[in-house]
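One-letter residues, chain by chain:
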Amino acid sequence: MRYLIAALALLFYGATAAAADEPITIKFSHVVAENTPKGKGALKFKELAESRLEGRVEVQVFANAQLYGDNKVLEALLLGDVQLAAPSLSKFKRYTDKLQLFDLPFLFADIDAVDRFQKSAAGRQLLSATTERGLLGLGYWHNGMKQLSANTALRRPADAAGLKFRIQASDVIAAQFQALDATPLKKPFSEVFILLQTKGIDGQENTWSNIYSKKFFEVQDHITESDHGLVDYMVVTSVEFWHGLPDDVRRVLEQCIDEASDYANQVALEKAVGDRAKIQQSGRSEILQLDPAERLLWVDAMKPVWAQFEDEIGADLIAAAMAANAE
Ligand code: LMR
């Protein structure tokens, strides 16, 4: 009997020691291609985390909606099936109304203004907007300003009337297209190419990087350089997972996220220029530039949407974001 107890104790000790030695697995799930700001940012995070916490963490990155689409990934975080994600800021409506701010059309003058706002106290505070619902924002990553694409040339807002546009799951973006008398359809990112190719939809809005890396430009005749909105990301984890990490590991991972953010943001700036140029060189899709008067027509058509969401988002928050344009 004594031997049996000793053997069991040894077995138990062996098992717990092995468990303690196991690296912590961090699954990072996202929907875009690897050669994008988010794709490269996720891989940079893996490289940093695994070299600084060698043997203590293992980061597995799943790109191209291989594991979860953005409609499911937040739930998966809460269930502990993945530990990190970076959905676009347009995909958090089920968890907070506040992030709808980023979808207001023509809110930010350019990506520098977005950056200033995200680094401001009001912007930082928004990273905690979902903590009561169990999700913690660790940082923002840029992708860039959105452009409109379609098979007809969209020079004026009236050109979009009657067309079907794929949108992300955002009520603000839905209202934006309704303001143009167009039909918005909420569809996962992974379905956009096929919907465009089969003419299930007429157009979509996205960044140069997403239009290039997912080949939307090959199935759209025109892209209007409207810069009317933003696709940026919140790097998000579950409160439970993050606070359950050993303190020293969490501190190093926070540092890795910060450094990966700087890197992803740099990639975003380069891709916004480089991928636009590649699309132009391809000759597959015509890029339409708006003169100031034409641009104003789009602003006038879309901006009334702000009033519909001011109460949900908060007038103070909108004012804080606008202040970033002036700096
Ligand atoms: C989209 O759904 O169009 C984007 O949010 C995809 C992404 O993650 O950039």
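Rules of the game
Residues numbered from 1 in each chain as written. Predicted model: local features only at pLDDT ≥ 70, side-chain atom pairs only at ≥ 80, totals over all residues. Heavy atoms only, no water. Helix = DSSP H or I, 4+ residues; strand = E, 2+ residues; numbered from the N terminus. Buried < 20%, exposed > 50% of the residue type's maximum accessible area, 1.4 Å probe, protein only. Contact = heavy atoms within 4.5 Å. Polar contact = N/O pair within 3.5 Å; in protein donor to acceptor, adjacent residues only side chain to side chain. Near = heavy atom within 4 Å. Areas by Shrake-Rupley, 256 points an atom, 1.4 Å probe, with all protein chains shown as cover. 1 Å grid on protein atoms, 1.4 Å probe; cavity = no way out; pocket = protein on both sides within 12 Å on 5 of 7 lines; lining within 4 Å. Sits in = over half its atoms within 2 Å of the grid points. Nonpolar A, V, L, I, M, F, W, Y, C, P; charged D, E, K, R; others polar. Points joined across faces, edges and corners; volume = space filled by probe spheres on them.

**Things to note about the environment of S285**
For step 1, the next point in the chain: Mapped onto the fold, S285 is located in the loop between helix 10 (247-282) and strand 9 (286-289).
For step 2, the next point in the chain: For S285, a relative accessible area of 5% puts it in the buried group.
For step 3, the next point in the chain: Separated by 18 residues in the primary sequence, S285 and K303 place their C-alpha atoms 27 Å from one another.
For step 4, the next point in the chain: Filtering out sequence-adjacent residues up to four positions away, S285 remains in contact with F217, Q220, D221, H222, I223 and I279.

**Digging into unusual backbone geometry**
For step 1, the next point in the chain: The phi angle at K199 is positive, at roughly 65°, despite the residue not being glycine.
For step 2, the next point in the chain: Mapped onto the elements of the fold, K199 is located in the loop between helix 7 (192-197) and strand 7 (203-206).
For step 3, the next point in the chain: Positive phi values are uncommon outside glycine, yet D227 reaches one of about 45°.
For step 4, the next point in the chain: In this fold, D227 is placed in strand 8 (residues 222-238).

**Thoughts on the side chain of T207**
For step 1, the next point in the chain: With respect to the helices and strands, the residue T207 is situated in the loop between strand 7 and helix 8 (208-213).
For step 2, the next point in the chain: A polar contact of 3.0 Å, which involves the side chain of T207, links it to the side chain of N143.
For step 3, the next point in the chain: Residues within four places of T207 in sequence aside, it is in contact with N143, G144, M145, K146 and V231.

**Some words on the site of the ligand**
For step 1, the next point in the chain: Lining the immediate surroundings of the ligand are 13 residues, of which K38, K91, R166, Q168 and Y233 lie closest.
For step 2, the next point in the chain: Contact distances for the ligand include 2.7 Å between an oxygen atom and a side-chain N or O atom of K91.
For step 3, the next point in the chain: At a separation of 2.9 Å, an oxygen atom of the ligand approaches a polar side-chain atom of N210.
For step 4, the next point in the chain: Considered on its own, the ligand offers 270 Å² of accessible surface; in the complex 100% of this is hidden by protein.
For step 5, the next point in the chain: Given that more than half its atoms are within 2 Å of the pocket grid, the ligand belongs to the largest cavity.
For step 6, the next point in the chain: Of the residues contributing to the shell around the ligand, the split by class is five nonpolar, four polar and four charged.

**Structural notes on the layout of surface pockets**
For step 1, the next point in the chain: What the largest pocket holds in volume is close to 340 Å³.
For step 2, the next point in the chain: Every residue lining the largest pocket is counted, 20 residues in all, and those nearest its centre are D70, N71, K91, R94 and A169.
For step 3, the next point in the chain: Residues belonging to the lining of the largest pocket are distributed by class as follows: eight nonpolar, three polar and nine charged.
For step 4, the next point in the chain: In this model, the second largest pocket occupies a volume close to 240 Å³.
For step 5, the next point in the chain: In terms of lining, the second largest pocket is formed by 13 residues, of which the most central are K119, R124, Y140, S261 and N265.
For step 6, the next point in the chain: At the level of elements, helix 4 (111-119), strand 4 (135-150) and helix 10 are the ones that each hand at least two residues to the lining of the second largest pocket.

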